[in-house]
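Commentary on secondary and tertiary structure
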Amino acid sequence: MPATPSPSPSTAPAHGQDDEPSTPRPRRRPEGRARTTAPPADVAAVPRASGVALVASLLGFTVITIDVSAVNIALPAIRNSLSSGMSGLQWVVDAYTLMFAALMLSAGALADRAGARRAYFWGVTLFTLASLGCALAPCIGVLVGARVAQGAAAAVVMPASLALIRQAYEDARARARAIALWTVGGSVAMAAGPVLGGLLTDSVGWRAVFLVNLPVGAVILGLLVRVPRSPRRPAALDGGGQVTAVLALAGLTFAVIEGGHLGWTSGPVLAAAALAVASGYAFRVVEARHRRPMVPLDMLTDRRVAVPLAAGFAVNAAFYGGIFVLGLYYQQMRGMAGIEAGLMFVPMSAVVTATNLVSPRLAERIGRRPVIVAGQVVFTGAMLAMLPLAAHTPVWLVLALLLPLSVGGALVVPALTALMMDAVPQERAGTASGLLNSLRQTGGALAVALFGSLLSGPGGGFFLPGMRIGLLAVAALLLATAALSRLLLPRG
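Residues numbered from 1 in each chain as written. Predicted model: local features only at pLDDT ≥ 70, side-chain atom pairs only at ≥ 80, totals over all residues. Heavy atoms only, no water.

1. Regarding the pattern of salt bridges
Counted according to the given criterion, the structure contains three salt bridges. Between Arg147 and Asp67 there is a salt bridge; the shortest N-O distance is 2.5 Å. Placement of Arg147 in helix 4 (residues 140-168) and of Asp67 in helix 1 (residues 41-82) is noted, with a sequence separation of 80 residues between them. A relative accessible area of 1% places Arg147 in the buried class. (Salt bridge = Lys/Arg side-chain N within 4 Å of Asp/Glu carboxyl O. Helix = DSSP H or I, 4+ residues; strand = E, 2+ residues; numbered from the N terminus. Buried < 20%, exposed > 50% of the residue type's maximum accessible area, 1.4 Å probe, protein only.)

Here it is in C-alpha cells:
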C-alpha cells in the first residue's frame, strides 16, 4: 500500500523564471486560400514531452516503492551475509522509512523552490548513488547509512515526480488520467517488489536488489533531458521544524528498536527517549512561532484532519508491520526460499490493488465514515487472524488468513485521504498531503521497530510469542482509531 499523496495546488503549472515563451498568434489567412503548411514542430512535441515526463515520473515512483517491499524479502540473506542481528535488520528497513517520513514534510517546498525537474533530477541521482552504496556495503553500519541517503532521496523523488506530472499536463482530465496511472504504478510496484526481491536474492544475491536501481536511475535521468525546465516558485523552508522533526522521529525509533535488545531502562534507550520528547516539544514551539510553518498547528485542531492522521498512522503500522513479520515468518519459520516467500505476497497485493479501485465508489454510495470504520475493523480482524500462525500452518490457510490484511487498509486509505483533502483549504492541500503521508510512513517505521524488538527469540530465532504480542498491540491501536473515526468524523 504505497503512499499516494494527493495533488497539491502548489505544484500546478505556473509561469516563472524558467517558463517557456508563449506561442505567438498565427497571422490571419486571406479568405479562400488553403493552408498548406504543417503545424509547428513544437505543437507535436508537447504530447511527446508530456508522455516522457509521465514515464520518468512513473519509473521514479515505482523504483522507490519496489525498494520498500523487495528489501523485506532480502533481510534473511542480508543477516547471513553481514552477520547482523535483528536490530541491524530493523535499521535496514527503518533508516529508509524514517528519513522518508521526516523529510516528506518539507520536500514539496524544496521542489517548488528548485523547480520540479531539477529537484527530481537530484533526487533520482542521490537515490541511484545511494543504491550503489547499499550494494557495495561491507558491513551493516555502512548499509544502514546508505539506506538513510536512499530515504532522503525518496522523500524528494515522490513529491517532485507528482509535480512533474502536474506541470506536463495542463488539461485537467488528461492530468487526472496521468495521476491515476502514477498511482496504479505504485500499487503494481508494491505487488512486484516481494517477487522481484526474492528472485534477485535467490538467483544473484541480496546486493542485486539494490543494483537493479542503477539502470532504472540512468533511464530516468536520460528521459529528463527531454522534459522542459520547470518554473521556480518562492516557498518557505522551515529548517528548525525539519531538524526537530528528524531528531524526534530518530530518537523515538532508536528507543523502540534498541529497547528490545539493550533493555528498556538502559542508558542509550533512556537518552534516545529523552531526545524524542525534547525534540517533539521543540518542534511544537518552532512551528508555533514560524511565520510559515511546515505543519500549521491550527490545522491539527480540526477533527477531519486529526482523525485521518491517527487512522493513517494505525493502518500503515498494521500493513508494514505485517509485511515485515510475514517476510521473516515465511523464510525463518517455514524455511521458504526468497522467491517462494515473494510469491506468497502476490495474492494479497492483487486484492489490495482491486480494493483500492473499489473503495472510492463504495465511499460515494454509503459515505466515507462507514468505509473508514469498516476498513479499520477488518484490519483489526486481520491482526487477530494471524495469531494462530505457526511453523506447520497449511499454506492455503495462511493465504486465507491474509485476505483481511489485503482488504482493510485498501478500503481505508482512499476514503480518509479524500476526507482530509476536502477538510483543508486549497492552499493547504499540499501540506495536508505531506503530513498524512509522513504520519503513515512513521506508523510503518515504528511498527517495524516494535515487531523487530519482539520477534528475536533465544539464539536469534523467530519468536512466535513476541509476534503475537505485537499483533495484539496493533489490533488494539486499530480498534482505538476505529472508535475515534466512528465518534468524531462527520456522517456524510
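2. So, the packing of helix 13 (residues 368-385) against helix 15 (residues 403-423)
Packing of helix 13 against helix 15 brings their axes to within 8 Å, and their N-to-C directions diverge by 150°. Taken together, the axes of helix 13 and helix 15 are roughly antiparallel relative to one another. In this structure, the crossing between helix 13 and helix 15 has a hand that is left-handed. Each of Arg368, Val371, Ile372, Gly375, Gln376, Val378, Phe379, Ala382 and Met383 in helix 13 lies in contact with helix 15, whose residues at this interface are Pro404, Leu405, Val407, Gly408, Gly409, Leu411, Val412, Ala415, Leu416, Ala418, Leu419 and Asp422. Residues that form the contact of helix 13 with helix 15 fall into these classes: 15 nonpolar, four polar and two charged. (Axes fitted to C-alpha atoms, helices over the stretch in contact; angles between N-to-C directions. Parallel < 35°, antiparallel > 145°, perpendicular 65-115°, else oblique. Left-handed = near helix turned anticlockwise from the far one by under 90°. Contact = heavy atoms within 4.5 Å. Nonpolar A, V, L, I, M, F, W, Y, C, P; charged D, E, K, R; others polar.)

3. Considerations on helix 9 (residues 267-289)
Under the 1.5 Å per step criterion, the end-to-end length of helix 9 is 33 Å for 23 residues, consistent within 8% with the ideal 33 Å. Burial in helix 9 covers these residues: Val269, Ala272, Ala276, Ser279, Phe283 and Glu287. Residues of helix 9 that are buried sit in contact with helix 8 (239-262). (Expected span 1.5 Å × (residues − 1).)

4. Overview of unusual backbone geometry
Generally, phi is negative for residues other than glycine and the peptide bonds are trans, each holding for most cases. Phi angles above zero are rare outside glycine, and Ser83 is one such case at about 55°. For Ser83, the location among the structural elements is in the loop between helix 1 and helix 2 (86-114). The class of Ser83 is exposed, set by a relative accessible area of 67%.

5. A look at the packing of aromatic side chains
By the definition in use, this model includes eight aromatic pairs. Pairing Tyr96 with Phe100 gives two aromatic rings, centres 6.0 Å apart and planes at 75°, and the pair type is edge-to-face. Of this pair, Tyr96 and Phe100 both sit in helix 2, separated by four residues, roughly a single helical turn. In this structure Phe100 comes out as buried when scored by relative accessible area, which is 4%. Between the aromatic rings of Tyr330 and Phe345, the centroid separation amounts to 5.6 Å while the plane-to-plane angle is 80°, which identifies the pairing as edge-to-face. Here Phe345 lies in the loop between helix 11 (338-343) and helix 12 (346-366) and Tyr330 lies in helix 10 (residues 303-333), a separation of 15 residues in the sequence. One exposure class covers both Tyr330 and Phe345, and it is buried. Put simply, the rings of Tyr329, Tyr330, Phe345 and Phe462 pair up and form one aromatic cluster. (Phe/Tyr/Trp six-rings, centres within 6.5 Å; stacked < 30°, edge-to-face > 60°.)

6. A look at the environment of Ser87
Structurally, Ser87 can be placed in helix 2. Accessibility expressed as a relative area gives 15% for Ser87, which makes it buried. Measuring from C-alpha to C-alpha, the distance between Ser87 and Ser453 comes to 7.4 Å, with 366 residues separating the pair along the chain.

7. Digging into the confidence of the model for the protein
Per-residue confidence for the protein gives a mean pLDDT of 82; residues scoring 70 or more make up 87%. Across residues 2-45, where pLDDT falls below 50, the model places 64 contacts with residues more than four positions away in sequence or in other chains. (pLDDT = per-residue confidence, 0-100.)

8. Section: a nonpolar patch on the surface
A contiguous nonpolar surface patch, about 490 Å² in accessible area, is contributed by Val184, Val188, Leu357, Val358, Leu362 and Ile366. At the level of elements, helix 5 (172-203) and helix 12 are the ones that each hand at least two residues to the nonpolar patch. Ranked by the residues each element gives to the nonpolar patch, the list is headed by helix 12, at four residues. Mapped onto the elements, Ile366 comes out in helix 12. With relative accessibility at 46%, the residue Ile366 sits in the partly exposed group. (Patch = residues over 30% accessible without salt bridge, like charges linked within 9 Å, V, L, I, M, F, W, Y side chains within 5 Å. Areas by Shrake-Rupley, 256 points an atom, 1.4 Å probe, with all protein chains shown as cover.)

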